[in-house]
Amino acid sequence: GVPLLFIHGGRDRQVTRLDEQRLREQVKAAKHVTVPTLAHSLKEEGPAVSPQRARADPTLPVPAAVVNAVVAPVPEANGARSQRDGWISEKVGRRR
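Residues numbered from 1 in each chain as written. Predicted model: local features only at pLDDT ≥ 70, side-chain atom pairs only at ≥ 80, totals over all residues. Heavy atoms only, no water.

Participant: Would you mind going over the nonpolar core with me for this structure?
Facilitator: Here is a general trend for soluble globular proteins: nonpolar side chains tend to be buried in one another's company. One finds Val33, Val35, Leu38, Val66 and Ala69 forming the largest nonpolar core, which totals five residues. Looking at this core, the elements that each hand over two or more residues are β2 (31–35) and α3 (64–71). Contact partners of Leu38, with chain neighbours within four places excluded, come to Ile7, Gly9, Gly10, Arg11, Asp12, Lys43, Glu44, Pro63 and Val66. (Core = buried A, V, L, I, M, F, W, Y, C linked by side-chain atoms within 4.5 Å. Buried < 20%, exposed > 50% of the residue type's maximum accessible area, 1.4 Å probe, protein only. Helix = DSSP H or I, 4+ residues; strand = E, 2+ residues; numbered from the N terminus. Contact = heavy atoms within 4.5 Å.)

As structure tokens, then:
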């Protein structure tokens, strides 16, 4: 099957914890990652970052926990090379 990853934010006001639990029960083969301070915008909220700023400020980074969860299953992210490397380089080079 196709790998599936669900990332749930503990401060997500659109996808509730109940929704996340239902997804866990229905899609057991998927990898589930919960980031306690993550909002629906994939930005962290907390004392220094209001919900409004998390939604509106494009300079806020995506948290490392999200990036690590997404790239962990990708061999290239772990230093391996694939046959796609040449194709990607070739396509990017042509766009310039």
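Participant: Looking at this structure, I do not really get the side chain of Asp12. What am I missing?
Facilitator: Tracing the sequence through the fold places Asp12 in the loop between β1 (5–9) and α1 (17–26). Here Asp12 is buried and forms no salt bridge, its nearest opposite-charge partner Arg13 lying at an N-O distance of 7.2 Å. A polar contact of 2.8 Å, which involves the side chain of Asp12, links it to the side chain of His40. If near-sequence neighbours (up to four positions away) are discounted, Asp12 is found in contact with Leu38, Ala39 and His40. (Lys, Arg positive; Asp, Glu negative; His and termini not counted. Salt bridge = Lys/Arg side-chain N within 4 Å of Asp/Glu carboxyl O. Polar contact = N/O pair within 3.5 Å; in protein donor to acceptor, adjacent residues only side chain to side chain.)

Participant: Before we go on, may I ask you to explain the environment of His32 in this structure?
Facilitator: Take His32: it is sitting in strand β2. With relative accessibility at 17%, the residue His32 sits in the buried group. With 24 residues separating them in the primary sequence, His32 and His8 have C-alpha atoms 7.6 Å apart. Not counting residues within four places of it along the chain, the set of residues in contact with His32 comprises Phe6, Glu20, Leu23, Arg24 and Val27. Polar side-chain contacts of His32 include one of 3.3 Å to the backbone oxygen of Val27.

Participant: How do you make sense of the pattern of salt bridges when you look at a structure like this?
Facilitator: Pairs may arise between side chains of opposite charge once their charged atoms sit close together. Scanning the entire structure with this criterion turns up three salt bridges. Residues Glu20 and Arg24 are paired through a salt bridge, measuring 2.6 Å at the closest nitrogen-oxygen approach. With Glu20 and Arg24 both in helix α1 and four residues apart, this pair spans about one turn of that helix. Look at Arg24 and you get partly exposed, because its relative accessible area is 31%. Across the salt bridge formed by Asp57 and Arg53, the nearest N and O atoms sit 3.0 Å from each other.

Participant: Can you walk me through unusual backbone geometry in this structure?
Facilitator: Note on backbone geometry: most residues besides glycine have negative phi, and most peptide bonds are trans. Phi is positive for Leu42, close to 65°, though the residue is something other than glycine. You can see Leu42 is positioned in the loop between β2 and α2 (51–56).

Participant: Help me understand the environment of Phe6, please; the structure alone is not making it clear to me.
Facilitator: Considering the arrangement of structural elements, one finds Phe6 in strand β1. Its relative accessible area of 22% is what places Phe6 among the partly exposed residues. Along the sequence, Phe6 and Val27 sit 21 residues apart, while their C-alpha atoms lie 9.6 Å from each other. Residues in contact with Phe6, not counting those within four places in the same chain, are Leu23, Val27, Ala30, Lys31, His32 and Val33.

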